[in-house]
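Spelled out from the first residue to the last, the chains are:
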Amino acid sequence: MNYWLMKSEPNEFSIDDLIKQPAQTEHWDGVRNYQARNMMRDEMKIGDRVFFYHSNCDVPGIVGIMEVVKEGYPDFTAFDPDDKHFDPKSDPKQPRWMMVDVKFIKKLSRTISLKELKQQPELTELSLVRRGNRLSIMPVTKQQWDFILSLE
DNA sequence: GCCAACGTTGGC
DNA sequence: GCCAACGTTGGC
């Protein structure tokens with residue numbers, strides 16, 4: 001099993017929004033970055049665990065856990081001219097963007113803030129805390145995963 | 001293939 | 001709202 005972290009702006013889609021979805025499952029659409037796309041297309045597998053991270057908000061940080069329940073498939077929002085994430089260059093016959101489905105597992109008892117994560121010597125290799133890293137999806141090692149959960 | 005211009009991300 | 005960092009685009 002692999003571990004991941006995925007960012008979302010809570011005023012766009014928060015962990016509480018995920019909880020409200022049917023089967024507490026939602027497709028993770030709108031990723032328009034090739035590196036992140038490749039991870040969803042090639043590496044994320046059913047059963048993988050994912051931290052839900054709230055970005056661009058009062059207290060950026062990890063707020064919960066979800067799991068991958070459907071592996072990479074075309075992000076259909078790219079085909080919809082009315083969608084915010086419409087990309088005219090993504091051809092349905094040869095989709096440019098991919099997504100996975102994720103299912104809610106749990107909320108953490110508290111937000112583990114970015115500030116706190118940055119203070120941990122154990123996490124200096126975590127992409128999230130590295131300067132200038134803006135990837136919205138990133139891998140987390142098992143060691144990092146377990147350590148982060150030990151902070152809760 | 002280089003690189004300047006531009007757009008986006010996201011912390012602060 | 002600012003702006004640093006980074007990715008993408010497109011002219012050449």
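Residues numbered from 1 in each chain as written. Chains lettered and ligands numbered in written order. Predicted model: local features only at pLDDT ≥ 70, side-chain atom pairs only at ≥ 80, totals over all residues. Heavy atoms only, no water.

Chain A has the name EVE domain-containing protein in an unreviewed UniProt entry, where Methylomarinum roseum is given as its organism.

Draft legend 1. Just the packing of aromatic side chains, in detail. If you walk through the whole model with that rule in mind, you get six aromatic pairs. Residues F13 and W28 carry aromatic rings whose centres are separated by 6.2 Å and whose planes lie at 85° to one another, so their mutual orientation is edge-to-face. Residue F13 is located in the loop between β1 (3-8) and α1 (15-20), and its partner W28 is located in the loop between β2 (25-27) and α2 (34-43); the two are separated by 15 residues in the primary sequence. Just as F13 is buried, W28 falls in that class too. Aromatic pair Y34 and W97: ring centres 4.8 Å apart, planes at 35°, arrangement tilted. With Y34 in helix α2 and W97 in the loop between β4 (61-74) and β5 (98-113), this pair connects stretches of sequence that are 63 residues apart. Through successive ring pairs, a cluster of aromatic residues spans Y3, F51 and W145. (Phe/Tyr/Trp six-rings, centres within 6.5 Å; stacked < 30°, edge-to-face > 60°. Helix = DSSP H or I, 4+ residues; strand = E, 2+ residues; numbered from the N terminus. Buried < 20%, exposed > 50% of the residue type's maximum accessible area, 1.4 Å probe, protein only.)

Draft legend 2. Structural context of unusual backbone geometry. For Q24, which is not glycine, the phi dihedral falls at a positive 50°. Topologically, Q24 is positioned in the loop between α1 and β2. Even without a glycine there, the phi angle at N56 is positive, about 55°.

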